[in-house]
Amino acid sequence: MEPILKVDDINVYYGSIHAIKGISFEVNQGEIVTLIGANGAGKSTTLNTISGLLHSKTGSVSFMGENLGKISPHKIVAKGLAMVPEGRRVFLQMTVQENLEMGAYTQPGSGVDADLEKVYQQFPRLKERYRQIAGTLSGGEQQMLAMGRALMSHPKLLMLDEPSMGLAPILVEQIFEIIQKLHQSGTTILLVEQNAQAALSVANRGYVLETGKVVTTGTGTELLASPAIKKAYLGG
Ligand SMILES: Nc1ncnc2c1ncn2[C@@H]1O[C@H](COP(=O)(O)OP(=O)(O)O)[C@@H](O)[C@H]1O
Ligand SMILES: [Mg+2]
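Residues numbered from 1 in each chain as written. Chains lettered and ligands numbered in written order. Predicted model: local features only at pLDDT ≥ 70, side-chain atom pairs only at ≥ 80, totals over all residues. Heavy atoms only, no water.

Draft legend 1. Inspection of the site of ligand 1 at higher detail. Around ligand 1 lies a shell formed by Tyr14, Ile17, Ala19, Ala38, Asn39, Gly40, Ala41, Gly42, Lys43, Ser44 and Thr45. Contact between ligand 1 and Ala41: an oxygen atom at 3.2 Å from a main-chain N or O atom of the residue. Summarising the interface, the protein chains cover 60% of the accessible area of ligand 1, which totals 560 Å² for the free molecule. Broken down by secondary-structure element, the contributors of at least two residues to the shell around ligand 1 are β2 (17–27) and α1 (43–50). Sort the elements by how many residues they give to the shell around ligand 1 and α1 lands first, with three residues. (Near = heavy atom within 4 Å. Polar contact = N/O pair within 3.5 Å; in protein donor to acceptor, adjacent residues only side chain to side chain. Areas by Shrake-Rupley, 256 points an atom, 1.4 Å probe, with all protein chains shown as cover. Helix = DSSP H or I, 4+ residues; strand = E, 2+ residues; numbered from the N terminus.)

See below:
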């Protein structure tokens, strides 16, 4: 079967800075695939290029067989590719429910109430706080809100950029439990993380990025067991 997402030899620049140097990888339907790597490795640049916020100079990104090269970010979301950006980026002045409704902008009209109900089932914490202003939520709750908002667009592929960043260990655990539940309920996930241990533990496959290149790939289990990965990313 053709992969749902295929990134083929992309090269991305910020002015004269060559940030992504020929990255290729694939995500198959039903998988959790993780991109791990240190700060500055090019993880966010890769996700932002897939989302259409940045453009690759050469190479291609295709989603369900279609080249996304000239498609605008909101149309990419409408095609079923949603991203939770690094740092969550929820609308701080709006309520929880208003944030979720914003996530439905590619599916206006009917069905929004049912989608809200579904998100509230997945995130009971958000249901309890539906009228609360998002800026007053904890970091973990904001992460749940950003994930719930992305789910409102009915993604066929959900991309998460460092969902565990800045969270206390107990919340990191909760977020990863939610990621596993979403996966079990059929969501295909591309997960970017600096927390390699947690990400590889839930992922089917992983790619290791260093300075804009893929240096290693394998199953989550293989990468967790690799002495080189242990040394570089798992604290020995
Ligand atoms: N807006 C920008 N302007 C210039 N360079 C950038 C910009 N954003 C990121 N970079 C550079 O691109 C490289 C990859 O960054 P990034 O994709 O944010 O890495 P990661 O998400 O893995 O931490 C880094 O060297 C970073 O300094
Ligand atoms: Mg990043």
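Text resumes after the structure shown.
Draft legend 2. The arrangement of the sheet that holds strand β7 (residues 157–161) in detail. Ordered in space as β6-β7-β8-β3-β9-β10, the six strands form an open sheet in which the pairing is mixed. Every other strand in the sheet has two partners, leaving β6 (81–84) and β10 (213–219) as the edge strands with one partner each. Neighbour to neighbour, the strand axes of the sheet diverge by 15° on average, direction disregarded. Here five bridges tie β7 to strand β8 (residues 188–193), and the two strands are oriented parallel to one another. Considered in β8, the bridge of Leu157 is made with Thr188. (Pairing = 2+ DSSP bridges. Axes fitted to C-alpha atoms, helices over the stretch in contact; angles between N-to-C directions.)

Draft legend 3. Fine view of the coordination of the magnesium ion (ligand 2). The protein atoms donating to the magnesium ion (ligand 2) are Ser44 (OG) and Glu86 (OE), with metal-donor distances spanning 2.0 to 2.1 Å. Of the two residues, Ser44 sits in helix α1 while Glu86 sits in the loop between β6 and α3 (96–102), which places them 42 residues apart along the sequence. (Donors = N, O, S within 2.8 Å, 3.2 Å for Na, K, Ca; no water.)

Draft legend 4. Inspection of the pairing of β8 at higher detail. Here β8 lies mainly inside the structure; six of its six residues are buried. Residues of β8 alternate between two faces, with Thr188, Leu190 and Val192 on one and Ile189, Leu191 and Glu193 on the opposite face, all of them buried. In this view, the connection linking β7 to its parallel neighbour β8 by way of helix α7 (residues 169–184) has right-handed handedness. (Buried < 20%, exposed > 50% of the residue type's maximum accessible area, 1.4 Å probe, protein only. Right-handed = clockwise from strand over helix to strand, strands pointing away.)

Draft legend 5. Fine view of the pattern of salt bridges. Tallying each qualifying case throughout the model produces eight salt bridges. When the shortest N-O distance is used, the salt bridge between Glu117 and Lys127 registers 3.3 Å. Pair noted here: Glu117 is in helix α4 (residues 112–122) and Lys127 is in helix α5 (residues 124–128), with a separation of 10 residues, a long-range link. Residue Glu117 is classed as partly exposed on the basis of its relative accessible area of 36%. A relative accessible area of 42% places Lys127 in the partly exposed class. For Arg129, the salt bridge is made with Glu141, and the minimal N-O distance between the two is 3.3 Å. Within this pair, whereas Arg129 is found in the loop between α5 and α6 (139–151), its partner Glu141 is found in helix α6, the two being separated by 12 residues in sequence. Where salt bridges share partners, they join Arg125, Glu128, Arg129 and Glu141 into one cluster. (Salt bridge = Lys/Arg side-chain N within 4 Å of Asp/Glu carboxyl O.)

Draft legend 6. Local environment of the nonpolar core. Formed by 46 residues in total, the largest nonpolar core has its most connected members in Met147, Leu158, Ile179 and Leu191. The leading source of residues in this core is α7, at seven residues. Counting 28 residues, the second-largest nonpolar core is a separate cluster that includes Val12, Val27, Val33 and Leu47. (Core = buried A, V, L, I, M, F, W, Y, C linked by side-chain atoms within 4.5 Å.)

Draft legend 7. Expanded view of the packing of aromatic side chains. The tally for this structure, following the rule as stated, stands at one aromatic pair. Centre to centre, the rings of Phe25 and Tyr207 are 5.5 Å apart; their planes meet at 50°, and the pair counts as tilted. Residue Phe25 is located in strand β2, and its partner Tyr207 is located in strand β9 (residues 205–210); the two are separated by 182 residues in the primary sequence. Residue Tyr207 is classed as buried on the basis of its relative accessible area, which comes to 8%. For Lys57, the ring lying beneath its charged end belongs to Tyr13, and the centroid distance is 4.7 Å. (Phe/Tyr/Trp six-rings, centres within 6.5 Å; stacked < 30°, edge-to-face > 60°. Lys NZ or Arg CZ within 6 Å of the ring centre and 35° of its normal.)

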